[in-house]
Amino acid sequence: MATAFITHSDCLKHETPSGHPEQVARLEHILRAVEDLDLLRIEAPLAEKENILAVHPQSHIDLIHANSPETGMSQLDGDTHMSPGTVTAAYRAAGGAICAVDTVISGKAKNAFVAVRPPGHHAKAQIPMGFCIFGNVAIAAKHALDFHKLPKVAVIDFDVHHGNGTQDLLWNEPRALTVTSHQMPLWPGTGYAEEQGEFDNVLNLPLAPNSDGALMRKVYTERVFPKVRSFNPDLIFLSAGFDAHVDDPLAELNWEVDDFVWITSEVCNLARDCCSSRVVSILEGGYNLDALAACSRAHIEILIEAK
Ligand SMILES: [Zn+2]
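This is a predicted model, so every value here is computed, not measured. (Residues numbered from 1 in each chain as written. Predicted model: local features only at pLDDT ≥ 70, side-chain atom pairs only at ≥ 80, totals over all residues. Heavy atoms only, no water.)

J.: Help me understand the coordination of the zinc ion, please; the structure alone is not making it clear to me.
T.: In a perfect tetrahedron of four donors around a metal, the angles come out at 109.5 degrees. In a perfect octahedron of six, they are 90 or 180 degrees. For the zinc ion, the protein coordination sphere consists of Asp159 (OD), Asp159 (OD), His161 (ND1) and Asp243 (OD), at 2.0 to 2.8 Å. Given four donor atoms and angles of 52 to 155 degrees at the metal, the environment of the zinc ion is assigned as irregular. All donor residues of the zinc ion come from one chain, and their arrangement in sequence is D-x1-H-x81-D. Separated by 84 residues along the polypeptide, Asp159 in the loop between strand 6 (153–157) and helix 6 (164–170) and Asp243 in the loop between strand 9 (236–240) and helix 8 (257–274) bring together distant segments of the chain. Like Asp243, Asp159 is buried. (Donors = N, O, S within 2.8 Å, 3.2 Å for Na, K, Ca; no water. Tetrahedral: all angles 85-135°; square planar, octahedral: opposite > 155°, others 65-115°. Helix = DSSP H or I, 4+ residues; strand = E, 2+ residues; numbered from the N terminus. Buried < 20%, exposed > 50% of the residue type's maximum accessible area, 1.4 Å probe, protein only.)

J.: How do you make sense of the pairing of strand 1 (residues 3–7) when you look at a structure like this?
T.: On a regular strand, each side chain points to the face opposite its neighbour's, so the side chains alternate between the two faces of the sheet. Counting buried positions along strand 1 gives five out of five residues, so the element sits mostly inside the fold. The alternating pattern of strand 1 places Thr3, Phe5 and Thr7 and Ala4 and Ile6 on opposite faces, both of which are buried. Pairing of strand 1 with strand 5 (residues 111–114) involves four bridges; the strand directions are parallel. The residue bridging Phe5 from the neighbouring strand is Phe113, located in strand 5. Bridge count for strand 1 against strand 2 (residues 40–43) is four bridges, and the pairing is parallel. Across the sheet, Ile6 pairs through a bridge with Ile42, a residue of strand 2. (Pairing = 2+ DSSP bridges.)

J.: How should the sheet that holds strand 10 (residues 279–283) be read in this particular structure?
T.: Picture the strands of a sheet paired through backbone hydrogen bonds; they go either parallel or antiparallel. Here we have eight strands laid out as an open sheet, ordered 2-1-5-10-9-6-7-8, and parallel in their pairing. What marks the edges here is a single partner per strand, and that holds for strand 2 and strand 8 (202–207). Within this sheet the neighbouring strands show an average axis-to-axis angle of 15 degrees, counted without direction. Examined bridge by bridge, strand 6 and strand 9 share four bridges and lie parallel to one another. Its bridge partner being in strand 9, Asp157 is matched across the sheet by Ser239. (Axes fitted to C-alpha atoms, helices over the stretch in contact; angles between N-to-C directions.)

J.: How should the packing of helix 8 against helix 9 (residues 289–305) be read in this particular structure?
T.: Helices that pack against each other are described as a pair by the angle of their axes relative to one another and the distance between those axes. Viewed as axis vectors pointing N to C, helix 8 and helix 9 meet at an angle of 25 degrees, and their least axial separation amounts to 9 Å. On the basis of the axis angle, helix 8 is roughly parallel to helix 9. For the pair helix 8 and helix 9, the sense of crossing is right-handed. Facing helix 8, whose interface residues are Val257, Phe260, Val261, Thr264, Ser265 and Cys268, helix 9 presents Ala294, Cys295, Ala298, His299, Ile302 and Leu303. (Parallel < 35°, antiparallel > 145°, perpendicular 65-115°, else oblique. Left-handed = near helix turned anticlockwise from the far one by under 90°. Contact = heavy atoms within 4.5 Å.)

J.: I keep staring at the side chain of Asp159 and nothing clicks. Help me out?
T.: This buried residue, Asp159, is left without a salt bridge; Arg26 holds the nearest opposite charge, at 6.8 Å. Looking at Asp159, its side chain comes within polar contact range of the main-chain nitrogen of Gly285, at 2.9 Å. Sequence-distant contacts of Asp159, defined by excluding residues within four places in its chain, comprise His121, Ser181, His182, Ser239, Gly241, Asp243, Glu284 and Gly285. (Lys, Arg positive; Asp, Glu negative; His and termini not counted. Salt bridge = Lys/Arg side-chain N within 4 Å of Asp/Glu carboxyl O. Polar contact = N/O pair within 3.5 Å; in protein donor to acceptor, adjacent residues only side chain to side chain.)

The following block contains the structure:
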């Protein structure tokens, strides 16, 4: 069965200031890197407002619309900017994640990669932050649970930064297990092991600066995969940030392309055992353009090969 690749050219119209790491060129590099791959290519639809409201209050949506500039740029915080194309891109990003769930659950694809921006895993219920506007993966998780009535879903976030937004949005959701590994100390400063969710449904795995893929593999083998396996989800989401790569300018973990291949492969094996191979992977960070392109391609090749 196919691997879906969901994106939209509107996601190239979310502009950030010159020199900003979360730039249009990130998505352009990924699109070029996967041009020749055999994928079920789908245009990301716009998310419906009701989908956003599953995790954000109306006041958050109002804040985003109110700050949308007609020309130039506005700033939501020190890191998070909006251009005239941002609102539409944000609705495509969340809509792409939702579409990936629909595509995988309907059986049109066994798994999916959602190549969108702005990313989502730092967006809290009422606070856009860290380049993120809407909590794309949490919105898609709620869609899988509430619309498709899946009993349980798991989110595995291997971005180098703590998935604080996803944790916040799914903190009280017993049907969702959220696992996030991240460098600590590092922005946003949360993600301690003691943060465990209202229902022991959050697992935080801080990793020391300058640690490598060997430590990550040990932590995932000993802590992550047993926890996910015993939770027995009906769909696994990946918050796929590629900024733990050794060449990334925003962090100090030393993962290589092979480490992202390993984690993807292990997650696909787990998904085959527990949830009919259903994996929805959604782009988060990754700021060295060449490393981002190489890691994304390698990640997607494993999704394609997965049984
Ligand atoms: Zn990140």
